[in-house]
Amino acid sequence: QVQLVESGGGLVQPGGSLRLSCVASGSIFTMSFMGWYRQTPGKERELVATIAPVGTTNYANSVKGRFTISRDNTKNTVFLQMNSLKPEDTAVYYCRSMVGLNVYWGQGTQVTVSS
């Protein structure tokens, strides 16, 4: 069982920045595909960014050039640096871990972009 704990969400003005963190329990982090997803009320959860164990990254078109996903395997932590935030980035952001067929989710952290 893997537990994921997100932090770093909050209220920020348009054009601002936030850095989300997700700490994973257990000893399999280095083998895990990690990702950030987001969800707004009434909509399906959508992919934001993913990072493979070897560091290969993938981004949704809507965040390319603004968001950066990274990982620190020594701290079992994945990060999402979010710059140039827009009101449409407002959502609950979830961390996801996938190892083989096993998928784990964090509890989510709210990001609100508003003036």
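Residues numbered from 1 in each chain as written. Predicted model: local features only at pLDDT ≥ 70, side-chain atom pairs only at ≥ 80, totals over all residues. Heavy atoms only, no water.

Please give an account of the environment of arginine 45 that cites residues and values.
Inspection of the secondary structure assignment puts arginine 45 in the loop between strand E4 (33–39) and strand E5 (46–51). Residue classification places arginine 45 among the partly exposed residues on the basis of a relative accessible area of 32%. Expressed as a C-alpha distance, the spacing of arginine 45 and tyrosine 94, which sit 49 residues apart in the sequence, is 8.9 Å. Other than its neighbours up to four places away in sequence, arginine 45 contacts Tyr37, Arg38, Gln39, Tyr94 and Trp105. Here glutamine 39 takes part through its side chain, which lies 3.3 Å from a polar atom of the side chain of arginine 45. (Helix = DSSP H or I, 4+ residues; strand = E, 2+ residues; numbered from the N terminus. Buried < 20%, exposed > 50% of the residue type's maximum accessible area, 1.4 Å probe, protein only. Contact = heavy atoms within 4.5 Å. Polar contact = N/O pair within 3.5 Å; in protein donor to acceptor, adjacent residues only side chain to side chain.)

Would you mind going over the side chain of aspartate 89 in detail, with residue names and values included?
With respect to the helices and strands, the residue aspartate 89 is situated in the loop between strand E8 (77–82) and strand E9 (91–99). For aspartate 89, a relative accessible area of 0% corresponds to the buried category. Here aspartate 89 is in contact with Arg38, Arg66, Phe67, Ser84, Val111 and Val113, once residues within four sequence places are set aside.

Outline the pairing of strand E3 (residues 18–24), listing residues and values.
Along E3, five of the seven residues are buried, which leaves the element largely enclosed by surrounding structure. Across four bridges, strand E1 (residues 4–7) lies against E3 in antiparallel orientation. Among the inter-strand pairings, leucine 4 is bridged to a residue of E3, identified as alanine 24. Inspection of the sheet shows E3 paired to E8 by six bridges, in the antiparallel sense. Bridge pairing in E8 links cysteine 22 to valine 78. (Pairing = 2+ DSSP bridges.)

Keep in mind these values describe shape, not function.
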